[in-house]
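Spelled out from the first residue to the last, the chains are:
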Amino acid sequence: MMNRITKIINNIAEDVIDTYDIHIPICNINDVVTVLGGYVYESADICNSDVMKQNDRFVIYTPSSYSAERKRFAVAQELGHLFLHMGYKISQKLWDKQKNMTYYESKYPLEEYQANDFADALLMPKDVYKKVLEQYTTGGKVQTAKIAEYFGVSVLTAYSRGKSLGLLA
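Since we're looking at a predicted model, the values are computed, not measured.

Participant: Hey, could you run me through the sheet that holds strand β1 (residues 38-43) in this one?
Facilitator: The pairing of strands in a sheet comes from backbone hydrogen bonds and takes either a parallel or an antiparallel form. The strand order across the open sheet formed by three strands is β1-β3-β2, and the pairing between neighbours is mixed. Strands with a single pairing partner mark the edges of an open sheet, and in this sheet they are β1 and β2 (50-54). The sheet shows a mean angle of 25° between the axes of neighbouring strands, direction not considered. The sheet contacts of helix α2 (residues 29-36) involve β1 and β3 (57-63), and relative to β1 the element is tilted by about 140°. Sitting on the sheet, helix α3 (residues 68-85) is in contact with β1, β2 and β3, with an inclination near 145° to β3.

Set out below in structure tokens:
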């Protein structure tokens, strides 16, 4: 079940979806980033995804070696850092303070966890997830792989989202 902070994060993700008219399922995460005012830079020289402020815009760096599912989640996670921890479009004061700040899991585990929650909520909004879950449940058996395929995420990510929403055991 969701705690209070996770509910707030889910609400922020849903507000982003509504404000920027993001269509679910997200087919091209780069298009979402463009609509939000940034761009994605992919390179074989990059080991981990990252987000950085660039003037009044932002850039998300991601390894070109990532699978489509991993890239989609990684970019959505960096969008979580952008909104939740960097203040993009939420707190001009916080956004103005951003320089070359990055969020590494080992240094900022709470922020990483929150960004994961944001990514889940952005890629698999609660109401849409519930409908897709119903569509792919027959006789009490859930086809998690079909849910994952619908949202373009891994099976583990789709299962974890259902569990955090209290819809899967």
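Picking up where we left off.
Participant: Can you help me understand the packing of helix α7 (residues 144-151) against helix α8 (residues 155-164) in this one?
Facilitator: Two packed helices can be described by the angle between their axes and the distance between those axes. Look at α7 against α8: their axes get within 8 Å of each other, and the N-to-C directions meet at 100°. The orientation of α7 with respect to α8, classified from their angle, is roughly perpendicular. Taking contact as the criterion, the partners of T144, A145, I147 and A148 in α7 are, on α8, V155, A158 and Y159. Class assignment for the residues of the contact of α7 with α8 results in six nonpolar, one polar and no charged.

Participant: Can you help me understand the nonpolar core in this one?
Facilitator: It is characteristic of soluble globular proteins that their nonpolar side chains tend to be buried jointly. Within the largest apolar cluster, 41 residues are counted, with the highest numbers of intra-cluster contacts made by F58, L79, L82 and L122. Of all the secondary structure elements, the ones that give two or more residues to this core are α1 (4-19), α2, β3, α3, α5 (109-123), α6 (126-135) and α7. Ignoring any residue separated from it by four or fewer positions in sequence, one finds F58 in contact with V33, L36, G37, G38, Y39, V51, M52, K53, L79, L82, Y88 and W95.

Participant: Hey, could you run me through α8 in this one?
Facilitator: In an α-helix there are 3.6 residues to a turn, and that puts residues three or four apart on one side. For α8, the set of buried residues is T157, A158, R161 and G162. All buried residues of α8 lie within an arc of 135° about the axis, which places them on one face of the element. At its buried positions, α8 is contacted by α1, α3, α5, α6 and α7. Downstream of α8 by a residue or two, G166 has a phi angle that is positive, lying close to 80°.

Participant: Hey, could you run me through the pattern of salt bridges in this one?
Facilitator: Oppositely charged side chains are able to pair whenever their charged atoms sit close together. If you walk through the whole model with that rule in mind, you get one salt bridge. Across the pair E42 and K71 runs a salt bridge, and its minimum N-O distance is 2.7 Å. Here K71 lies in helix α3 and E42 lies in strand β1, a separation of 29 residues in the sequence. On the accessibility criterion, K71 (13% relative accessible area) is buried.

Participant: How do you make sense of the packing of α3 against α5 when you look at a structure like this?
Facilitator: Their axes nearest at 7 Å, the elements α3 and α5 cross at an angle of 115°. Note on packing geometry: the crossing formed by α3 with α5 is right-handed. Residues R72, F73, A76, Q77, L79, G80, H81, F83, L84 and H85 of α3 pack against E111, E112, Q114, A115, N116, F118, A119, D120, L122 and L123 of α5.

Participant: Can you walk me through the side chain of K53 in this structure?
Facilitator: Considering the arrangement of structural elements, one finds K53 in strand β2. An unpaired buried charge is present at K53: no salt bridge exists, and D96, the closest side chain of opposite charge, is 4.4 Å distant. A distance of 2.9 Å separates a polar side-chain atom of K53 from the backbone oxygen of W95. Residues within four places of K53 in sequence aside, it is in contact with F58, M86, W95, D96, Q98 and K99.

Participant: For this particular structure, what's the right way to read the pairing of β2?
Facilitator: As a general feature of sheets, a regular strand has side chains that alternate between the two faces. Of all five residues in β2, four are buried, a share of seventy percent or more. The sheet contact formed by β2 and β3 spans five bridges and is antiparallel. Opposite Q54, over in β3, you have R57 as the bridge partner. Hairpin connection, β2 to β3: the antiparallel pair is bridged by two residues, and N55 has positive phi, about 60°.

Rules of the game
- Residues numbered from 1 in each chain as written.
- Predicted model: local features only at pLDDT ≥ 70, side-chain atom pairs only at ≥ 80, totals over all residues.
- Heavy atoms only, no water.
- Pairing = 2+ DSSP bridges.
- Helix = DSSP H or I, 4+ residues; strand = E, 2+ residues; numbered from the N terminus.
- Axes fitted to C-alpha atoms, helices over the stretch in contact; angles between N-to-C directions.
- Contact = heavy atoms within 4.5 Å.
- Parallel < 35°, antiparallel > 145°, perpendicular 65-115°, else oblique.
- Nonpolar A, V, L, I, M, F, W, Y, C, P; charged D, E, K, R; others polar.
- Core = buried A, V, L, I, M, F, W, Y, C linked by side-chain atoms within 4.5 Å.
- Buried < 20%, exposed > 50% of the residue type's maximum accessible area, 1.4 Å probe, protein only.
- Arc of directions from axis to C-beta.
- Salt bridge = Lys/Arg side-chain N within 4 Å of Asp/Glu carboxyl O.
- Left-handed = near helix turned anticlockwise from the far one by under 90°.
- Lys, Arg positive; Asp, Glu negative; His and termini not counted.
- Polar contact = N/O pair within 3.5 Å; in protein donor to acceptor, adjacent residues only side chain to side chain.

On their own, these measurements won't tell you what the molecule is for.
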